[in-house]
Each structure stands twice: as C-alpha cells, then as structure tokens.
Amino acid sequence: MSNIEVISTSFEPGAAAKEGTIPLCVPQMSGNEWLYVKECIDTNWVSSAGPFVSRFEQSLASYVGADHAIATVNGTAALHIALIVAGVQPDEEVLLPALTFIAPANAVRYAGAWPVFIDVEPNYWQLDPEKVFDFLTEQCQYSNGKLINKITGRTVRAILPVHILGHPCDIDALYEIARKFDLVVVEDATESLGAKYKDRRVGSGGDIACFSFNGNKIITTGGGGMIVTNRDDWAERARYLTTQAKDDYIEYVHNEVGYNYRLTNIQAALGCAQMEQLDDFVSAKRRIAAQYTDALRNVAGISCPQEAPWASSSSWLYTVLVDAQVYGIDSRRLLKHLAHENIQARPLWQPMHRSKAHAGSHSYRIEVADTIHGKALSLPSSVGLKARDQLHVIEAISGLTS
Ligand SMILES: Cc1ncc(COP(=O)(O)O)c(C=O)c1O
C-alpha cells in the first residue's frame, strides 16, 4: 500500500491515526468521559433512556441559546427528522449549497423531497444568498399560492444552509429571503457548533437546526446528533418521531411510522463530558487557525481561510486554497507530498451537482464551488494538535516554495 493509501484509511471520523502520522481531526477525551460512561455501566442505564440524554440535551440547548434540543443517533438522522417536522413533503424541493458533505442532500431524499443545488459565495465558501434570491426570482413562479420551480414543476419548500468548516453562513440574509418567499429554513450546523453569527451562537434563534457529534466534530459522542428549535410543537413532534412514534407507552400503540433515532445514555454521557470542555475546544481551534494563518499567509500561492466581519468561526477544519500556477503544484500533489511527510490532509467533498448519487437533482448557476473544490485542502486541526506537529505541517507546506 502506498503512503497516501495508508493515510487515507484513517480519514473515517474518529478513526485512530496510524502511529507516527499527524491526524486530520481526532477527538479529545480529556475530561469526565470515563467517569460518566462508568456511571452508565454501574447504574445499568446504557440504552436510549437515562439521565445523561436529557442532561446532554439541556446542556446543548442552553449553550446554543435554543428552547429545545432533541438528541439523535447521528447528524444525518437529525436532518431527516428536522426536514419532516419543518413540513417538507415528498416531491417538494429544498435549496442547499453545492459545496457540502453529502449528508444533508441525502436527508432531503430520505424525506422524499429533492435538493436544488445553489452555488457558494467566494469569500467564506457558504451558501450564496444572492444566488438563492436570483434562483427564486428568475426560475420560480407562484401558482395557486405555491412557489414552483419552472424547470422541474416542483414546489420549493425550504432552504437548507450548511455552515461548513466552522464558519457561519450569512444567516440573516438567508432568513430575509426565506421570509419573503415563505420558505422554512433548516440549518445544518453540524460542522459549526461553537461558531457565532453576529452575537448569536450558530443554531439559535432560527426555525430549526441540526448538529453532529461524530468522531471528527468539535465535540464527539462517537456518533450522535441533535435537533434544536424554539418551536414547542416542532420539538414535541421531533421527540415523538425519533422514538418510534409511540402513542401509548403501556400498550405500545403507534399511529404513525416513527424512527429509532434516539441517542443512547452512554453516548450522551460522553456528550455531557465533552460539553464541559467545548469553550476550551473552540479556543484551541481558533488558536490553531490563527497560527496557521500567521505562518502561511505569505506563502505564495496559498490562500488562508477568511473570517467574515459578522462571524466568529469555530475554525473546525482549517482549509487552504492552493493556486497551482503560483505555488508550483496543485492541491492533490500537495496532498501526496503531505502524505509522504506523514501528515493527513484532505480535499473538500465532490460538489453535489457532480455527485452521481444526486444526478436527478436540479442545480443553478454553479460557478464557484468547482473552483474551491479543485484548490482546497484541509490541514490537521485536532484540538490536541501539538505545536511541534503544527510546525511540521507548516514547514512541509512552506518548504516547497523556499
Ligand atoms: C455538513 C454535514 N452535515 C451532516 C453531517 C452528518 O452527520 P453524521 O455523520 O453525524 O450523520 C456531517 C458530518 O458527518 C456534515 O459534515
């Protein structure tokens, strides 16, 4: 196996990095994790009921600043249920960015609806509100009170912004458009727990938002997710649907098809311990990002990620753009070079309008996502990244041009 193959086997969320490699993004378990998990085992509360589940929900709701939080088995399940409770119906359409991990697009399909892929903006690589607006005004029209995509004939129901890489979308602009066109907003905040938009935590104050706690996220429960909302009725419905839609707890009567999506107490125990450290994790990520930017901003051909004036990024995954003409090699050759230096790096996801999995979906004026995808490389960003390891990454990148 080549070095790059060895390294790429460790890209799965939470996979332990091969001895001697600098991992891309691995968990930090340095608090009360053992203590709380032991409590679950000692008390026999190991499954999807137990005190840690509600404690984790309350802790996340109060951190984000939302009225309700509902824990789920993973972030994809959270998105699936959030779409349903937000009223997205089969054969309707949901607008989402072309540049994202595939999970939100899949969740739209699980709900029987269809994604429409819209471009990202070039500065922060998030869903572009201007193009969302242009799509809605140029390619949609009202018919019988419904907003119809003129190309597909389907009803447009929702916008699903994905706050990628720890940086928020321009959420006020997107909500303004959503309100104008009477669309609901389902936020995918899975990569941005701890980020702020203006003075608000990402995921607060909107219609409904989802988080993920898989192994590479800023806090982890091994696998897990959360739905947050301020709407009492949506919260109640989400709780009902994620717990098999049980209408009678004694007689086991179910009036709807529900889902077995509830997080377990053991996972929630990890979540509680991780929440206690979240502020420190965000500070560590932001410090790591600032150090990369200090060291790499003058390397010709490398562009560092920017932070919007209205944003405080959680700097979840530090990602640079490589201009091959100036730097000398492209992002994929730099990836190989870093692999030979035992450094895990990773390109961003194949843009969704190119995904065979979503070949049947409509897309609109995608000009930026492909360019970013071609140039982007994410660098080691674990909370526990050691200073000497970060220096090694920096030298491996800057050394190629010196
Ligand atoms: C943008 C985005 N959405 C959704 C998910 C899905 O989360 P999970 O892996 O917990 O299902 C992830 C991460 O995995 C993600 O990065």
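Data block above holds the structure.
Throughout what follows, the structure given in this document is the object of discussion. (Residues numbered from 1 in each chain as written. Predicted model: local features only at pLDDT ≥ 70, side-chain atom pairs only at ≥ 80, totals over all residues. Heavy atoms only, no water.)

**Regarding the environment of Leu-335**
Part 1: Along the chain, the position of Leu-335 falls in helix H12 (residues 331-340).
Part 2: Given a relative accessible area of 14%, Leu-335 falls into the buried group.
Part 3: Taking the C-alpha atoms as reference points, Leu-335 and Pro-347, separated by 12 residues in sequence, lie 7.9 Å from one another. (Helix = DSSP H or I, 4+ residues; strand = E, 2+ residues; numbered from the N terminus. Buried < 20%, exposed > 50% of the residue type's maximum accessible area, 1.4 Å probe, protein only.)

**So, helix H6 (residues 129-138)**
Part 1: For H6, the full list of buried residues reads Pro-129, Lys-131, Val-132, Phe-135 and Leu-136. Looking straight down H6, one finds that the buried residues subtend no more than 165° of arc, so they occupy a single side.
Part 2: Between the side-chain oxygen at the start of H6 and the backbone nitrogen of Glu-130 there is a gap of 2.9 Å, and the oxygen is on Asp-128. (Arc of directions from axis to C-beta. Polar contact = N/O pair within 3.5 Å; in protein donor to acceptor, adjacent residues only side chain to side chain.)

**Brief notes about the pairing of strand S3 (residues 114-118)**
Part 1: By the criterion of burial, S3 is predominantly enclosed, with 5 of the 5 residues buried.
Part 2: Along S3, one buried face is formed by Trp-114, Val-116 and Ile-118 and the opposite face, lined by Pro-115 and Phe-117, is buried too.
Part 3: One ladder, built from 5 bridges, connects strand S2 (residues 93-97) with S3; its direction is parallel. Bridge pairing in S3 links Val-94 to Pro-115.
Part 4: Taken together, S2, helix H5 (residues 103-110) and S3 form a β-α-β motif whose crossover is right-handed.
Part 5: Of the pairings in the sheet, the one linking S3 to strand S15 (residues 362-364) comprises 3 bridges and is parallel in character. Within the sheet, the bridge partner assigned to Val-116 lies in S15 and is His-362. (Pairing = 2+ DSSP bridges. Right-handed = clockwise from strand over helix to strand, strands pointing away.)

**Some details on the site of the ligand**
Part 1: Neighbouring residues of the ligand: 15 residues in total, closest Gly-75, Thr-76, Asp-188, Glu-191 and Ser-212.
Part 2: In the environment of the ligand, a nitrogen atom lies 2.7 Å from a nitrogen or oxygen atom belonging to the side chain of Asp-188.
Part 3: The side chain of Lys-217 places a nitrogen or oxygen atom 3.2 Å from an oxygen atom of the ligand.
Part 4: For the ligand, whose unbound accessible area comes to 380 Å², protein coverage reaches 92%.
Part 5: Looking at the shell around the ligand, the elements with two or more residues in it are helix H4 (75-85) and H5.
Part 6: When residues in the shell around the ligand are grouped by element, the largest group, 3 residues, is from H4. (Near = heavy atom within 4 Å. Areas by Shrake-Rupley, 256 points an atom, 1.4 Å probe, with all protein chains shown as cover.)

**As for the environment of Ile-22**
Part 1: Looking at the secondary structure, you find Ile-22 in the loop between helix H1 (3-8) and helix H2 (33-43).
Part 2: Taking the C-alpha atoms as reference, Ile-22 lies 9.5 Å from Ala-339; in sequence the two are 317 residues apart.
Part 3: Apart from the residues lying within four places of it in its own chain, the contact partners of Ile-22 are Asn-342, Ile-343, Gln-344, Pro-380, Leu-385, Asp-389, His-392 and Val-393. (Contact = heavy atoms within 4.5 Å.)

**Describing the pattern of salt bridges**
Part 1: The full count for this structure, using the stated rule, is 17 salt bridges.
Part 2: Across the salt bridge formed by Glu-57 and Arg-239, the nearest N and O atoms sit 3.2 Å from each other. With a gap of 182 residues between them, Glu-57 in helix H3 (residues 51-64) and Arg-239 in helix H8 (residues 232-242) connect regions that are remote in the sequence.
Part 3: On the basis of relative accessible area, Arg-239 is assigned to the partly exposed category, the value being 31%.
Part 4: Of the charged contacts, one joins Arg-237 and Glu-256 as a salt bridge, the two residues approaching to 2.8 Å between their closest N and O atoms. Of the two residues, Arg-237 sits in helix H8 while Glu-256 sits in the loop between H8 and helix H9 (265-275), which places them 19 residues apart along the sequence.
Part 5: Exposure remark for Arg-237: the relative accessible area of 30% places this residue in the partly exposed category. (Salt bridge = Lys/Arg side-chain N within 4 Å of Asp/Glu carboxyl O.)

**Side note on empty space enclosed by the protein**
Part 1: Scanning the entire structure with this criterion turns up 3 cavities of 30 Å³ or more.
Part 2: Taken as a whole, the second largest cavity spans an internal volume of roughly 40 Å³.
Part 3: Considering the residues around the second largest cavity, the lining is formed by Cys-25, Val-26, Pro-27, Gln-28, Asn-216, Lys-217, Ile-218, Lys-285, Ser-382 and Val-383.
Part 4: Grouping the constituent residues of the lining of the second largest cavity by class yields 5 nonpolar, 3 polar and 2 charged. (1 Å grid on protein atoms, 1.4 Å probe; cavity = no way out; pocket = protein on both sides within 12 Å on 5 of 7 lines; lining within 4 Å. Points joined across faces, edges and corners; volume = space filled by probe spheres on them. Nonpolar A, V, L, I, M, F, W, Y, C, P; charged D, E, K, R; others polar.)

**A few points about the sheet that holds strand S13 (residues 311-312)**
Part 1: The 3 strands are arranged S9-S8-S13 in an open sheet whose pairing can be described as antiparallel. Two strands close off the open sheet at either side, each with one partner strand: strand S9 (200-201) and S13.
Part 2: In the sheet, strand S8 (residues 196-197) pairs with S13 via 2 bridges, with the strands oriented antiparallel. Bridge pairing in S13 places Tyr-197 opposite Ala-311.

**So, the side chain of Ser-315**
Part 1: Relative to the assigned elements, Ser-315 resides in the loop between S13 and strand S14 (319-322).
Part 2: Beyond its immediate sequence surroundings of up to four residues, Ser-315 is in contact with Leu-165, Gly-166, Lys-285, Arg-286 and Ala-289.

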